[in-house]
Amino acid sequence: MPVTAKYATSCSVCTRPIAPGDAIIAVAQRWAHLGCDPAGHGDRFALTAPDAAGSTAAEPRGGRRPVPGGAAGEALVPDGVVEVWTDGACSGNPGPGGWAWATRDGRQGTGGHPSTTNQRMEIQAALEAVRALVTPLIVVSDSTYVVNCFRDGWWRGWLSRGWVNSAKRPVANRDLWEPLITAVRDRGDVTFR
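Just so you know, these numbers come straight off a predicted model, no measurement behind them.

Engineer: Mind showing me how you'd approach the overall build of the chain here?
Structural biologist: Looking only at helices and strands, the chain has 4 helices and 14 strands in total. Sorting the 193 residues of the chain into buried and exposed places 40% on the buried side. Partitioning the contacts of the chain with sequence separation of at least 6, the portion at a separation of at least 24 is 42%.

Here is the structure:
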């Protein structure tokens, strides 16, 4: 049954933003645009017959594949798009830290800094992945700082205000954000989840 979104989030099917007021539906205990619903409201999926356990698997149409190991209705990865998982951390905050990215096909990158913060390492991981991988990307991060910047368009406000945040303070970590935002804007084929 469709409901109206109260908060901004990402669609669990197409990964595009869901804005407050959008019509959404629960899919596998997550939210999706009404048109992305694998139960038949959209054209992204065709449902197969229930299996022996009674569950129904969604099969993508139009050259998309479900994420391996995911439940029906979880995010789809279009053909030709690479998912890259990124992470960053440090021991103490600030302290010595590291970042890494990896793809399902085994490509990966790592690095670190002797004195840094968790947030800087999260941004660095995404930046290094975007720099290294020249195919269309879905950057998967556990950092809401990184994901929300792109999903919710924080960067647009930063640019329009001259790198000042909504609290009228200079944007933290601008030296990393600026090249990441520039790369994502220039490429036009990078999304975040």
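Engineer: Sorry if this is basic, but what is going on with the confidence of the model for the chain here?
Structural biologist: Any region with low pLDDT has predicted coordinates that should not be read closely. The pLDDT averaged across the chain works out to 80; a share of 77% of its residues lies at or above 70. No element of the chain has a lower mean pLDDT than strand 6 (residues 45-47), which averages 32, and none a higher one than helix 1 (residues 118-132), which averages 98. Across residues 39-74, confidence stays below pLDDT 50; counting only partners more than four residues off in sequence or on other chains, it has 77 contacts.

Engineer: How should I be thinking about the nonpolar core in this particular structure?
Structural biologist: Taken as a class, soluble globular proteins show a tendency for nonpolar side chains to be buried jointly. Core analysis: the largest hydrophobic core is formed by 30 residues, its most contacted members being Phe 150, Trp 158, Trp 177, Leu 180, Ile 181 and Phe 192. Mapped onto this core, the elements with two or more residues apiece are strand 10 (82-90), strand 11 (95-103), helix 1, strand 13 (137-141), helix 2 (144-151), helix 3 (154-160), helix 4 (174-187) and strand 14 (190-192). Per-element accounting of this core gives the leading share, 7 residues, to helix 1. Non-local contacts of Ile 181, meaning those with residues more than four positions away in its chain, are made with Cys 149, Phe 150, Trp 155, Trp 158, Leu 159 and Trp 163.

Engineer: Explanation requested: the environment of Leu 34 in the structure shown.
Structural biologist: Tracing the backbone through its elements, the reader meets Leu 34 in the loop between strand 5 (30-33) and strand 6. The class for Leu 34 is partly exposed, based on a relative accessible area of 26%. For Leu 34 and Pro 2, which are 32 residues apart along the polypeptide, the C-alpha to C-alpha distance reads 6.7 Å.

Engineer: For this particular structure, what's the right way to read the pairing of strand 13?
Structural biologist: Residues in a regular strand point their side chains to alternate faces of the sheet. Among the 5 residues of strand 13, 5 are classified as buried, and the element is accordingly described as predominantly covered. Alternating residues of strand 13 divide into Leu 137, Val 139 and Ser 141 and Ile 138 and Val 140, and every residue in both groups is buried. Pairing of strand 10 with strand 13, which is carried by 5 bridges, proceeds in the parallel orientation. From the neighbouring strand, Val 82 faces strand 13, where its bridge partner is Leu 137. Pairing geometry for strand 13 and strand 14, over 3 bridges, is parallel. Paired with Ile 138 across the two strands is Thr 191, which belongs to strand 14.

Engineer: Explanation requested: the pattern of salt bridges in the structure shown.
Structural biologist: Side chains bearing opposite charge may pair, as long as their charged atoms lie close to each other. One pass over the structure, following the stated rule, counts 8 salt bridges. Residue Arg 193 is joined to Glu 83 by a salt bridge in which the shortest nitrogen-to-oxygen separation is 2.4 Å. With a gap of 110 residues between them, Arg 193 in the segment after strand 14 and Glu 83 in strand 10 connect regions that are remote in the sequence. Given a relative accessible area of 6%, Glu 83 falls into the buried group. Between Arg 120 and Asp 175 there is a salt bridge, and its shortest N-O distance comes to 2.8 Å. Of this pair, Arg 120 sits in helix 1 while Asp 175 is found in helix 4, placing the two residues 55 residues apart along the sequence.

Engineer: Is there a simple way to think about helix 1 in this case?
Structural biologist: Within an α-helix, residues lying three or four positions from one another point in the same direction, as the helix has 3.6 residues per turn. The end-to-end C-alpha separation of helix 1 is 21 Å, in line with the 21 Å expected for 15 residues at 1.5 Å each. Here helix 1 has its buried residues at Met 121, Glu 122, Ile 123, Gln 124, Ala 125, Ala 126, Leu 127, Glu 128, Ala 129 and Val 130.

Engineer: Looking at this structure, I do not really get the packing of helix 2 against helix 4. What am I missing?
Structural biologist: Helix-helix packing is described using two parameters, namely the angle between the two axes and the distance between the axes. Between helix 2 and helix 4, the least distance of the axes is 12 Å, while the angle of their chain directions is 45°. Considered as vectors, helix 2 and helix 4 are oriented oblique to each other. In this structure, helix 2 meets helix 4 at a crossing whose hand is right-handed. Taking contact as the criterion, the partners of Tyr 145, Val 146, Cys 149 and Phe 150 in helix 2 are, on helix 4, Trp 177, Leu 180, Ile 181 and Val 184. Across the contact of helix 2 with helix 4, the residue classes break down as 8 nonpolar, no polar and no charged.

Conventions we followed
- Residues numbered from 1 in each chain as written.
- Predicted model: local features only at pLDDT ≥ 70, side-chain atom pairs only at ≥ 80, totals over all residues.
- Heavy atoms only, no water.
- Helix = DSSP H or I, 4+ residues; strand = E, 2+ residues; numbered from the N terminus.
- Buried < 20%, exposed > 50% of the residue type's maximum accessible area, 1.4 Å probe, protein only.
- Contact = heavy atoms within 4.5 Å.
- pLDDT = per-residue confidence, 0-100.
- Core = buried A, V, L, I, M, F, W, Y, C linked by side-chain atoms within 4.5 Å.
- Pairing = 2+ DSSP bridges.
- Salt bridge = Lys/Arg side-chain N within 4 Å of Asp/Glu carboxyl O.
- Expected span 1.5 Å × (residues − 1).
- Axes fitted to C-alpha atoms, helices over the stretch in contact; angles between N-to-C directions.
- Parallel < 35°, antiparallel > 145°, perpendicular 65-115°, else oblique.
- Left-handed = near helix turned anticlockwise from the far one by under 90°.
- Nonpolar A, V, L, I, M, F, W, Y, C, P; charged D, E, K, R; others polar.

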